[in-house]
Amino acid sequence: MRSGHLASVTNQQEQNFIKDVGGSEFWIGFTDQQSEGLFTWTDGTSSMFTSWAEGEPNNWGGNQNCALLYLNGAWDDTELFCLIGTVNVHCLSETKSQTICPPGWLAFEDHCYLYVRDAKTFNEAETYCMSLSNPMRSGHLASVTNRQEQNFMLNYVNSVEGSGFWTCWIGFTDQQSEGLYTWTDGTSSLFTFWGQGEPNNNEGNQHCALLYLNGAWDDTECNQRKSFMCKMVETRLQKRCLSSWMAFGDHCYLYVRDAKTFNEAETYCMSSSNPMRSGHLASVENGQEQKFMLDYVKSVGWSEFWIGFTDQQSEGLYTWTDGTLSIFTSWAGGEPNNRRNQDCAFMNSTEFLVSLRESDMMIMYCEFETRLFTGLEEKNTL
């Protein structure tokens, strides 16, 4: 279900997109018609992002209650009667899947966030966040998957704490396995923002992550009492990747270091299928997905692996074993060249290459729609 409203603007990237649509002035859905001085979004969005011009909003003349976005990115409050043509403006409508959060929570992207000032230990805070779950959303200490989400959280806490010093728990911990940090909500993400020299497990008892006001993370003792950030993820949006798989987009990935031939690797990945998802050697649809896979492999200390690209069925016509239709490729110079019956593709740290033969042994990358993949390894080095 989707509802249409004047556009809300929740971050700089969204604002830049709207500006690029064209025109010089746009209505956006920001208004204080219901309560003077309290601007809210007509679509119900909760966001602290604003881009008011200097001195705005000023309610000049006592009747400026609606926001305009100008070509330079500045916002201005102006009269509602502009709608009938007093000013030449464009109406930019937006249709989006709404993130509806409980009262007191703030929405960012598809998730809901609540900053709690009541100091608790890490495990107490996690239990509290979980207690806020409902049938539609599961609650945990917040995971942080990218810089934009982190900036949102920093702005949120700063708006509550003001200019004072603060730290808060996020849901990153290695309590289960020393040195292997995981998110309590099961999120798979390679993003981290540790402070210099962290995590250092000082005195052997620092297993839980704190977020500082400057954005840096620090490992500290889990029994300290701190404020914390809860995050609720919509149940239907959870990736449900199996343990040890990594999520990216709508897919799950597994790097397998057990060396196999191409066809053995594809069979192995297919064996990981279930009634909800089919497994195959990974397809690569764009540069972002390729970067994710390379970063994942580098993080486990490897650099070459099978991907599901082959022309075994028709020489020169490469297709993906999972049926993906994509024109994206990243062949190395002079590849594919079919030298010595080369029919199967592998990737090294920067490019697609072609293996010597299907029978060569490599490690692999598997992919579910949620996905699997395999890396390259010589027979005598496994």
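Residues numbered from 1 in each chain as written. Predicted model: local features only at pLDDT ≥ 70, side-chain atom pairs only at ≥ 80, totals over all residues. Heavy atoms only, no water.

**Examining the overall build of the chain**
Part 1: Helix and strand content of the chain: five helices and 24 strands.
Part 2: A burial count over the chain gives 46% of its 382 residues as buried.
Part 3: For the chain, the proportion of contacts with a sequence separation of at least 24, taken over those separated by at least 6, is 68%.
Part 4: With an accessible surface of roughly 19200 Å², the chain has 50% of that area assigned to carbon and sulfur atoms. (Helix = DSSP H or I, 4+ residues; strand = E, 2+ residues; numbered from the N terminus. Buried < 20%, exposed > 50% of the residue type's maximum accessible area, 1.4 Å probe, protein only. Contact = heavy atoms within 4.5 Å. Areas by Shrake-Rupley, 256 points an atom, 1.4 Å probe, with all protein chains shown as cover.)

**Describing helix α2 (residues 122-131)**
Part 1: Every buried residue of α2 is listed here: Phe122, Ala125, Glu126 and Cys129. Viewed along the axis of α2, the buried residues span an arc of 100 degrees, placing them on a single side of the element. Exposed and oriented more than 90 degrees from the buried face of α2 are Thr127 and Ser131. (Arc of directions from axis to C-beta.)

**Here we look at the confidence of the model for the chain**
Part 1: Looking at the chain, the pLDDT average stands at 79 and 78% of residues meet or exceed 70.
Part 2: In this model residues 81-97 is a low-confidence stretch, pLDDT under 50, and it forms 43 contacts with partners more than four residues away in sequence or in other chains. (pLDDT = per-residue confidence, 0-100.)

**Remarks on the side chain of glutamate 266**
Part 1: The topology assignment puts glutamate 266 in helix α4 (residues 262-270).
Part 2: A polar side-chain atom of glutamate 266 sits 3.0 Å from a polar atom in the side chain of threonine 321.
Part 3: When neighbours within four sequence positions are excluded, glutamate 266 is seen to be in contact with His280, Leu281 and Thr321. (Polar contact = N/O pair within 3.5 Å; in protein donor to acceptor, adjacent residues only side chain to side chain.)

**Here we look at the packing of aromatic side chains**
For any two aromatic rings, the description comes down to two numbers: the centre-to-centre distance and the angle of the planes.
Part 1: Enumeration according to the criterion identifies 30 aromatic pairs in this entry.
Part 2: Judged by centre distance (4.8 Å) and plane angle (15 degrees), the ring pair of phenylalanine 108 and phenylalanine 152 falls under stacked. Remark: phenylalanine 152 occurs in helix α3 (residues 147-161) and phenylalanine 108 occurs in strand β8 (residues 106-108); sequence separation between them is 44 residues. Phenylalanine 152 shares its class with phenylalanine 108; the two are buried. (Phe/Tyr/Trp six-rings, centres within 6.5 Å; stacked < 30°, edge-to-face > 60°.)

**A short note on the environment of aspartate 219**
Part 1: As for its placement among the helices and strands, aspartate 219 is situated in strand β14 (residues 217-220).
Part 2: When the C-alpha positions of aspartate 219 and glycine 195 are compared, they lie 9.3 Å apart, and in sequence the two are 24 residues distant.
Part 3: Not counting the four nearest positions on each side in its chain, aspartate 219 is found in contact with Tyr181, Trp194, Glu198, Pro199, Asn200, Asn201, Gln206 and Cys208.
Part 4: Here the side chain of aspartate 219 touches asparagine 200 through a polar contact of 3.2 Å, landing on its backbone nitrogen.
Part 5: For aspartate 219, the side chain forms a polar contact with the main-chain nitrogen of asparagine 201, separated by 2.6 Å.

**Some thoughts on the side chain of glutamine 64**
Part 1: With respect to the helices, strands and loops of the structure, glutamine 64 is situated in strand β4 (residues 64-70).
Part 2: By relative accessible area, which is 7% here, glutamine 64 ends up buried.
Part 3: Of note is the side chain of glutamine 64, whose polar atom sits 2.9 Å from the backbone nitrogen of tryptophan 60.

**Describing the pattern of salt bridges**
Part 1: In this structure the tally under the stated criterion is five salt bridges.
Part 2: Taking the shortest distance from any N to any O, the salt bridge between lysine 231 and glutamate 149 comes out at 2.7 Å. Within this pair, whereas lysine 231 is found in strand β15 (residues 226-234), its partner glutamate 149 is found in helix α3, the two being separated by 82 residues in sequence.
Part 3: Among the ionic pairs, lysine 260 bridges to aspartate 258, the shortest N-O distance being 3.1 Å.
Part 4: For lysine 260, a relative accessible area of 16% translates into the label buried. (Salt bridge = Lys/Arg side-chain N within 4 Å of Asp/Glu carboxyl O.)

**Brief notes about α4**
Part 1: Within α4 the residues assigned to the buried category are Phe262, Ala265, Glu266 and Cys269. Each buried residue of α4 lies within a common arc of 100 degrees when the element is viewed along its axis, so the set occupies one face.

**A short note on the nonpolar core**
Part 1: Ranked by internal contacts, the top residues of the largest apolar core, which has 37 residues, are Met153 and Met229.
Part 2: Looking at this core, the elements that each hand over two or more residues are β8, β9 (111-120), α2, α3, β11 (167-173), β13 (208-212) and β15.
Part 3: Residues contacting methionine 229, with those up to four places away along its chain left out, are Tyr113, Leu114, Tyr115, Cys129, His140, Leu141, Ala142, Met153, Tyr156, Val157, Cys168 and Trp169.
Part 4: Judged by nonpolar contacts, the second largest core, of 29 residues, contains Val256, Phe262, Leu281 and Val284. (Core = buried A, V, L, I, M, F, W, Y, C linked by side-chain atoms within 4.5 Å.)

**Considering the state of the cysteines**
Part 1: Taken as a whole and judged by the stated rule, the model has three disulfides.
Part 2: The disulfide partner of cysteine 129 is cysteine 230, and the gap between their sulfur atoms is 2.0 Å. The S-S bond linking cysteine 129 to cysteine 230 shows a torsion near -80 degrees; that makes this disulfide left-handed. Of the two residues, cysteine 129 is situated in helix α2 and cysteine 230 in strand β15; the sequence distance between them amounts to 101 residues. In terms of burial, cysteine 129 and cysteine 230 fall into one category: buried. (Disulfide = S-S within 2.5 Å.)

**Some remarks on the pairing of β13**
Part 1: The buried fraction of β13 amounts to four of the five residues, a majority that puts the element mostly inside the structure.
Part 2: In this structure, β11 lies alongside β13, joined through four bridges in antiparallel fashion. Among the inter-strand pairings, cysteine 168 is bridged to a residue of β13, identified as leucine 211.
Part 3: For β13 and β14, the ladder comprises four bridges, and the chain directions are antiparallel. Within β14, the residue paired with alanine 209 across the bridge is aspartate 219.
Part 4: The loop that links β13 with its antiparallel partner β14 comprises four residues; one of these, glycine 215, has a positive phi angle of about 95 degrees. (Pairing = 2+ DSSP bridges.)

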